[in-house]
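This is what each chain is made of:
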Amino acid sequence: METEETINNWGQLCSDEMISPDIFGSGRPLNRESFTIRIFLMTLSLLTLYALFTMDYQGVDIAKATMDTLHNFKIIFMEPSTQRLGLWDAFYEVLITLGLAFLTTLFGGVIALFLGLLSAQNLAPRRITCCIKSFVAFIRAIPTILWVLIFAVAAGLGSAAAVIGMTFHSISYLTKAYSESFEELDRNVIEALSASGANWWQIVFQAVIPSSAAYLLSWTFMRFEINFANAIAMGAAAGAAGIGFDLFMAGGYYFDLKEVGLITYIVLAFAIVLEMIATHMKSNIHQKA
Amino acid sequence: MTPETSNPLLELKNVIKYYNRTTPALADISFSIMDGQFISIIGPSGSGKSTLLRCINRMIEVSSGEVCFDGVITSQLKKRDLRKLRTKIGMIFQHYNLVDRLTVIENVLHGRLGYKSTMAGVLGRYSQEEKMQAHRIINILGLHDQVYQRCDQLSGGQKQRVGIARALVQNPRMILCDEPISSLDPNSSKIIMDLLRSISREMGITFIVNLHQVNVALKYSDRIIGVNKGKLVLDGSPDQLTTERISDIYGSTAKDLMTDSEERYAAG
Ligand SMILES: Nc1ncnc2c1ncn2[C@@H]1O[C@H](COP(=O)(O)OP(=O)(O)OP(=O)(O)O)[C@@H](O)[C@H]1O
Ligand SMILES: [Mg+2]
């Protein structure tokens, strides 16, 4: 009872303070929104302070730990080299990872193309679009790695589970992106074509896809980039082959930080190339659009 | 053109259309149209002009009544025959409804899709003849300099001419126009209306044109049909259309509307 009272009192005190304009000076009207934000920030800072003071460090010396970490970073980034992994091997492994990304993007893209058509509001009845859209949103809400692990139950941990899981997530991502691109085409244009006797497939292939091709391409490539990153993670986490697996072995198994550094640089190089191509494609699209 | 000129090209019998249960968008409309006529439909906004037009090529299904085109009752047609019917009826729109990202020639060729098998249409296989015809029509409409331009680079009047070309390449018996000049300035409006009129005369194509501008209707049509609240309130030649009849159709707003459209047209 006592505690309840004190809490109540405290709450009153707080709200009194909140309402008095002196504390916030500026004279900005205190609406509900900013009030909520203030309460939220205050709670967060209190929690942070509480956590800092009560954390169990288990004898870790923060200063020393920071220094060690920096030292490791130095090894990784300043002295990349390799003993076990030849440069060509590494290159080949990256190709495998790229292959994984390509395959999953391709599968995902083809399936998403059809699902995208069926979930575009100007092309399909409302009931179907709603169904597919919510189904796909559900898939997208669960991270790729979880899907891979779910499929690993059936397919075993390895490249098969990785391909299926990544394809699954790619489908949901691309379906949303594609259907939104398709919806750019005005419903009235579709009406005009069907009034001239064209059927659904003809309209899709002669009007809808040509006019959204640029978007489709850029979304697909964007997904390819994401899948490349995913493929590295899957190599490490799900035992799908490729450079990710080497990274995992070098870091977690051999503790070879120099090799981790080298692999990081190789991946970085490929990522930059992909990014450059993507940027180039996007600027092309903007010119066209 | 056809030997039996006594048979109407299009006949509507007691057409009724309900969008909801309460008020009909079209209430018992009947009329028939001879081959080669140029007909305007006028009426206030929301009176059912667009609905009426779309019931003719079954873009909208009628609730009851019959639409008879060239001796065929349209409501009985199956999918394939409906496509065949639609190839015979071109359509032109207020907002042109072209695929903006495609070129003029690609848009015009879309008018041929109705004649093709699904596969040939999907792959975009157009015969040499079809391409030549498309180019010929584009030339007639004065778009030869824009053939390979994307449609979003064209002016409104040019876009509407592409729309007309797309309808013409269908070799239609009849062309339906839903407010073809409502998005155009007076000058291009005049060009487009002159064009439609001369196409009607020279190619013997029947036109049904929804219009908001009464004086345009008076100037160009052989016959004017007036609708109000889904009912047919007028059907006659332009010289039968007096100011009183117009106010019957448009109600109290008639005066504003007349002056408004006169100003609009005087500028052109
Ligand atoms: N798809 C639809 N669903 C429900 N009601 C509709 C639909 N289309 C039209 N209507 C209704 O039917 C009536 C007639 O509409 P219509 O578009 O045919 O009029 P209109 O004469 O073409 O008008 P405007 O001159 O403004 O184009 C209106 O009351 C409209 O609200
Ligand atoms: Mg209308």
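Residues numbered from 1 in each chain as written. Chains lettered and ligands numbered in written order. Predicted model: local features only at pLDDT ≥ 70, side-chain atom pairs only at ≥ 80, totals over all residues. Heavy atoms only, no water.

### Topic: a nonpolar patch on the surface
All names here are of chain A.
Phase 1: A cluster of nonpolar side chains, namely Phe-102, Leu-103, Leu-106, Phe-107, Val-110, Ile-111, Phe-114, Leu-118, Ile-128, Trp-200 and Trp-201, defines an oily patch on the protein surface of about 950 Å² accessible area.
Phase 2: Going through the elements one at a time, helix 4 (87–118) and helix 9 (200–237) are the ones with two or more residues in the nonpolar patch.
Phase 3: With respect to the helices and strands, the residue Ile-128 is situated in helix 5 (residues 126–141).
Phase 4: For Ile-128, a relative accessible area of 37% translates into the label partly exposed. (Patch = residues over 30% accessible without salt bridge, like charges linked within 9 Å, V, L, I, M, F, W, Y side chains within 5 Å. Areas by Shrake-Rupley, 256 points an atom, 1.4 Å probe, with all protein chains shown as cover. Salt bridge = Lys/Arg side-chain N within 4 Å of Asp/Glu carboxyl O. Helix = DSSP H or I, 4+ residues; strand = E, 2+ residues; numbered from the N terminus. Buried < 20%, exposed > 50% of the residue type's maximum accessible area, 1.4 Å probe, protein only.)

### Some words on the pattern of salt bridges
Phase 1: For the coordinates displayed, the defined rule picks out 16 salt bridges over all chains.
Phase 2: Measuring nitrogen to oxygen at the nearest pair gives 3.1 Å for the salt bridge that ties Glu61(B) to Arg58(B).
Phase 3: With its nearest N and O atoms 2.9 Å apart, the salt bridge here joins Arg173(B) to Asp70(B). One end of the pair, Arg173(B), is in the loop between helix 6 (156–168) and strand 7 (174–178); the other, Asp70(B), is in the loop between strand 4 (64–69) and strand 5 (72–73), with 103 residues separating them in the sequence.
Phase 4: What emerges from the salt-bridge pattern is a single network uniting Glu191(A), Arg54(B) and Asp178(B).

### Digging into unusual backbone geometry
Excluding glycine, residues mostly have negative phi values, and the peptide bonds linking residues are mostly trans.
Phase 1: The backbone of Asn14(B) shows a phi angle near 50°, a positive value even though the residue is not glycine.
Phase 2: With respect to the helices and strands, the residue Asn14(B) is situated in strand 1 (residues 10–18).

### Regarding the site of ligand 1
Residues and elements named next belong to chain B.
Phase 1: In the vicinity of ligand 1, the residues found are Tyr-19, Ala-25, Pro-44, Ser-45, Gly-46, Ser-47, Gly-48, Lys-49, Ser-50, Thr-51, Glu-179 and His-212.
Phase 2: Within the backbone of Gly-48, one N or O atom sits 3.0 Å away from an oxygen atom of ligand 1.
Phase 3: One of the side-chain N or O atoms of His-212 is found 3.1 Å from an oxygen atom in ligand 1.
Phase 4: Bound to the protein, ligand 1 loses 54% of the 630 Å² it would expose on its own.
Phase 5: Residue contributions to the shell around ligand 1 peak at three residues, all from helix 1 (residues 49–56).
Phase 6: Across the shell around ligand 1, the residue classes break down as three nonpolar, seven polar and two charged. (Near = heavy atom within 4 Å. Polar contact = N/O pair within 3.5 Å; in protein donor to acceptor, adjacent residues only side chain to side chain. Nonpolar A, V, L, I, M, F, W, Y, C, P; charged D, E, K, R; others polar.)

### A word on the nonpolar core
Phase 1: Counting residues in hydrophobic clusters, the biggest one holds 69 residues, and the most contacted among them are Phe182(A), Ile164(B), Leu196(B) and Phe207(B).
Phase 2: With six residues, the top contributor of residues to this core is helix 9 of chain A.
Phase 3: Each of domain 1 (1–88 + 174–193 + 206–268) and domain 2 (97–171) of chain B contributes no fewer than three residues to this core.
Phase 4: Setting aside residues up to four positions removed in sequence, Ile164(B) forms contacts with Ile92(B), Leu141(B), Ile192(B), Leu195(B), Leu196(B) and Ile199(B). (Core = buried A, V, L, I, M, F, W, Y, C linked by side-chain atoms within 4.5 Å. Domains from an automatic or database assignment. Contact = heavy atoms within 4.5 Å.)

### Remarks on the confidence of the model for chain B
All names here are of chain B.
Phase 1: With 91% of its residues at a pLDDT of 70 or more, chain B shows a mean pLDDT of 89.
Phase 2: Scored below 50 in pLDDT, residues 259–268 shows 17 contacts in the model against residues more than four places distant or in partner chains.
Phase 3: Quick note on the complex model: pTM equals 0.81, ipTM equals 0.88. (pLDDT = per-residue confidence, 0-100.)

### Here we look at the side chain of His169(A)
Phase 1: When you line up the elements, His169(A) lands in helix 7 (residues 159–182).
Phase 2: Beyond its immediate stretch of four places on either side in the chain, His169(A) contacts Ile139(A), Arg140(A), Ile142(A), Pro143(A), Thr144(A), Trp147(A) and Arg223(A).

### So, the sheet that holds strand 3 (residues 38–42) of chain B
All names here are of chain B.
Phase 1: With mixed pairing, six strands are arranged side by side in an open sheet as 6-7-8-3-9-10. Strand pairing shows two members of the sheet lacking a second neighbour, strand 6 (89–93) and strand 10 (231–236), which therefore form its edges. Between one strand and the next, the sheet's axes are offset by a mean angle of 15°, whatever the strand orientation.
Phase 2: In this structure, strand 6 lies alongside strand 7, joined through five bridges in parallel fashion. What sits directly across from Met-91, in strand 7, is Leu-176.
Phase 3: Together, strand 3, strand 6, strand 7, strand 8 (206–210) and strand 9 (223–228) form the strand contacts of helix 1, whose direction differs from that of strand 7 by roughly 155°. (Pairing = 2+ DSSP bridges. Axes fitted to C-alpha atoms, helices over the stretch in contact; angles between N-to-C directions.)

### Description of the domain arrangement of chain B
When the parts come together, some accessible area is lost, and that loss is often what is quoted as the size of the interface.
Residue and element names in this part refer to chain B.
Phase 1: The domain boundaries assigned to chain B delineate domain 1 (1–88 + 174–193 + 206–268) and domain 2 (97–171).
Phase 2: On a C-alpha basis, the centres of domain 1 and domain 2 stand 25 Å from each other.
Phase 3: Counting from both sides, the interface comprises nine residues of domain 1 and, opposite them, 14 residues of domain 2.
Phase 4: Each partner contributes to the roughly 870 Å² buried at the junction of domain 1 and domain 2, and carbon and sulfur atoms together form 56% of this total.
Phase 5: When the buried area of domain 1 at its contact with domain 2 is split by residue, Arg-83, Thr-87 and Ile-192 rank highest and sum to 55% of it.
Phase 6: Taken together, the links from domain 1 to domain 2 amount to zero salt bridges.
Phase 7: Run the count over domain 1 and domain 2 and you get six residue pairs in polar contact (both at pLDDT 80 or more).
Phase 8: For the side of domain 1 that touches domain 2, the elements supplying multiple residues, two or more each, are helix 2 (79–87) and helix 7 (186–203).
Phase 9: When residues of the side of domain 1 that touches domain 2 are assigned to their parent elements, the largest contribution, three residues, is made by helix 2. (Buried area = accessible area lost by both parts, 1.4 Å probe.)

### A few points about the pairing of strand 9 of chain B
All names here are of chain B.
Phase 1: Burial of strand 9 is extensive: six of the six residues sit out of reach of the surface.
Phase 2: Residues of strand 9 alternate between two faces, with Arg-223, Ile-225 and Val-227 on one and Ile-224, Gly-226 and Asn-228 on the opposite face, all of them buried.
Phase 3: Where strand 3 and strand 9 come together, four bridges link them in parallel fashion. Across the sheet, residue Ile-41 finds its bridge partner in strand 9, namely Ile-225.
Phase 4: Summarising the sheet, strand 9 and strand 10 pair through five bridges and their orientation is antiparallel. Note that in strand 10 the partner of Val-227 across the bridge is Leu-232.
Phase 5: Linkage of strand 9 to strand 10, two consecutive antiparallel strands, is achieved through a turn of two residues, within which Lys-229 is found at a positive phi near 50°.

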